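Summary of structural features
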Amino acid sequence: RKEVEQDPGPFNVPEGATVAFNCTYSNSASQSFFWYRQDCRKEPKLLMSVYSSGNEDGRFTAQLNRASQYISLLIRDSKLSDSATYLCVGPRSGNTPLVFGKGTRLSVIA
Amino acid sequence: GAGVSQSPSNKVTEKGKDVELRCDPISGHTALYWYRQSLGQGLEFLIYFQGNSAPDKSGLPSDRFSAERTGGSVSTLTIQRTQQEDSAVYLCASSPGAGLVDEQFFGPGTRLTVL
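Here's a quick rundown of the structure.

Calculation criteria
- Residues numbered from 1 in each chain as written.
- Chains lettered and ligands numbered in written order.
- Predicted model: local features only at pLDDT ≥ 70, side-chain atom pairs only at ≥ 80, totals over all residues.
- Heavy atoms only, no water.
- Contact = heavy atoms within 4.5 Å.
- Salt bridge = Lys/Arg side-chain N within 4 Å of Asp/Glu carboxyl O.
- Polar contact = N/O pair within 3.5 Å; in protein donor to acceptor, adjacent residues only side chain to side chain.
- Helix = DSSP H or I, 4+ residues; strand = E, 2+ residues; numbered from the N terminus.
- Pairing = 2+ DSSP bridges.
- Axes fitted to C-alpha atoms, helices over the stretch in contact; angles between N-to-C directions.

Taken residue by residue, the interface counts 16 residues in chain A and 19 residues in chain B. Where chain A packs against chain B, one counts zero salt bridges. Inspection of the region where chain A meets chain B yields two residue pairs in polar contact (both at pLDDT 80 or more). Those elements giving two or more residues to the side of chain A that touches chain B turn out to be strand 4 (33–38) and strand 10 (98–100) of chain A.

All names here are of chain B. Note that strand 5 (residues 44–50) and strand 6 (residues 53–56) share two bridges and pair antiparallel. Looking at strand 6, one finds that Tyr-48 is bridged to Asp-56. The loop that links strand 5 with its antiparallel partner strand 6 comprises two residues; one of these, Gly-51, has a positive phi angle of about 65°.

Attention shifts here to the sheet that holds strand 7 (residues 60–65) of chain A. Residues and elements named next belong to chain A. An order of 1-3-8-7-6 is seen for the five strands of this open sheet, with the pairing classed as antiparallel. The sheet is open, and its two borders are formed by strand 1 (4–6) and strand 6 (55–57), each paired with just one other strand. Between one strand axis and the next, the sheet turns by 20° as a mean value, whatever way the strands run. Both strand 6 and strand 7 contribute to a ladder of three bridges, which runs antiparallel. Residue Glu-56 lies in a different strand from strand 7, and its bridge partner there is Thr-61.

Okay, here's the thing in structure tokens:
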């Protein structure tokens with residue numbers, strides 16, 4: 001299994017829809033996970049960290065499922081401006097830098 | 001405050017030439033990372049620095065690629081004898097702490113085109 005794996009999409013959803021992405025990881029000892037957002041031809045930016053207890057920021061909810069080794073991102077009430085690629089990030093192994101997934105592309109349609 | 005900056009923003013070069021890409025991290029950030037991203041692809045990790053040393057060079061694609069960091073600040077990524085497959089956006093990121101799980105702040109990237 002790759003260290004971090006995501007469905008590339010694209011996910012095409014109407015405005016107002018709820019959409020969820022999952023990301024699987026291979027390192028069971030991983031402690032830190034993040035979701036980054038990357039707009040077309042722009043650099044990635046941190047969207048939110050993923051805590052073991054789950055966390056919510058407005059319309060966005062991130063969860064960690066250790067038993068099944070995946071993290072999820074839920075977006076409620078999708079906006080056109082949510083259209084972007086969402087990158088799942090986790091540690092590689094041991095004490096090495098974070099590894100980025102290849103991203104899931106979301107298109108929110110009017 | 002100032003974010004991560006990279007120069008040049010665009011670089012077009014001929015196959016076989018050497019190029020040097022520069023990254024200025026956020027002041028005080030101890031960790032610095034280089035990635036590259038080909039069109040429509042994910043981020044490919046190249047190398048990271050903790051201070052001036054590079055504990056992990058495993059991502060460098062070949063011995064044509066090298067990087068250094070001086071004074072715990074500016075970093076340069078050098079690609080010798082460029083090939084067309086080197087064409088990509090080269091992204092630099094920095095993070096504040098000595099830990100490897102801090103948020104990474106990215107620069108705008110250098111778009112390299114090898115003709």
